[in-house]
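Here's the letter readout for the chains.
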Amino acid sequence: RLGESGPGNTLDGGPAAPGRRTATGCGASALMVSPERCWAVVPAAGVGSRMGADLPKQYLQLAGATVLEHSLSALLASRRLSGVVVALAPDDRRAARLPVFGDERIQRVVGGEQRSDSVRAALAALLEQGDPGDWVLVHDAARPCLPAEDLNRLIDRVTASGVGGLLAAAIVDTVKQATDAGLVARTLDRNALWRAQTPQMFRLGELHAALESARGQ
């Protein structure tokens, strides 16, 4: 279930970062830091066609570094992650030149055409060195603004409950549902609507199995 509906609350009832909440499938009442092993996966093989830029959006410059470097640095700042697997396009020549890839916790794999293909390739690499019961956090390459407190809260909630979860932000806009003709059908209750963000955290083996199953459908 989602967290408390009151402003500024998380699932544990404590203060949340402005505009950010943790959403999971658990209803645990207390937090505990678990020693369970956690990994991160960053699919970064996309070409950024929707951006319409001259290069993939993860390689655009932001405050003196690429968006990808900021995203990876936010993960690497946490000592709770055993490693980060980055899925890159087969012809990627940019990543190797970025200083952040000198971190020994970063591993590179060849990604796929779709985001799910890249995630699956990274998970397969982790299964060769980890345990199916390990946790994995899938984080978008183009989400550079990940506060440490949000990352820690997500890990705490998920490991305490044993149920996968993700970061999400409550919707504050008025949302309309339209008919096929483009007319307003009704106004949706935004109290039940959330904007999914990343990381999204699940058991390594379960997520890999789910993606393999979806691939065969």
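Because the structure is predicted, anything quoted here is derived from the model rather than measured. (Residues numbered from 1 in each chain as written. Predicted model: local features only at pLDDT ≥ 70, side-chain atom pairs only at ≥ 80, totals over all residues. Heavy atoms only, no water.)

Remarks on the pattern of salt bridges
Once the charged atoms of two side chains with opposite charge are near each other, the side chains can pair.
No. 1: Here the structure, examined in full by the defined rule, presents ten salt bridges.
No. 2: A salt bridge links Arg203 to Glu36, with the shortest nitrogen-to-oxygen separation between them at 2.8 Å. Highlighted residues: Arg203 in strand S11 (residues 194-203) and Glu36 in the loop between strand S1 (21-24) and strand S2 (38-44), separated in sequence by 167 residues.
No. 3: Take Glu36: its relative accessible area is 29%, and that puts it in the partly exposed class. (Salt bridge = Lys/Arg side-chain N within 4 Å of Asp/Glu carboxyl O. Helix = DSSP H or I, 4+ residues; strand = E, 2+ residues; numbered from the N terminus. Buried < 20%, exposed > 50% of the residue type's maximum accessible area, 1.4 Å probe, protein only.)

Quick notes on the side chain of Arg105
No. 1: Along the chain, Arg105 falls in the loop between strand S5 (81-88) and strand S6 (106-110).
No. 2: On the basis of relative accessibility, which here comes to 11%, the residue Arg105 falls in the buried class.
No. 3: Polar contacts involving the side chain of Arg105 include one to the main-chain carbonyl oxygen of Leu76, which spans 2.4 Å.
No. 4: Not counting residues up to four positions away in its chain, the partners in contact with Arg105 are Leu76, Ser78, Arg79, Leu81, Ser82, Gly83 and Val84. (Polar contact = N/O pair within 3.5 Å; in protein donor to acceptor, adjacent residues only side chain to side chain. Contact = heavy atoms within 4.5 Å.)

Notes on the pairing of strand S7 (residues 135-138)
No. 1: A two-sided burial pattern is seen for S7, the buried positions comprising Trp135 and Leu137 on one face and Val136 and Val138 on the other.
No. 2: Where S2 lies against S7, four bridges are found, and the strand directions are parallel. Within S7, the position partnered with Val41 by the bridge is Val138.
No. 3: Here S7 pairs with S11 via four bridges, running antiparallel. Following the sheet pairing, Val138 is matched in S11 by Gln200. (Pairing = 2+ DSSP bridges.)

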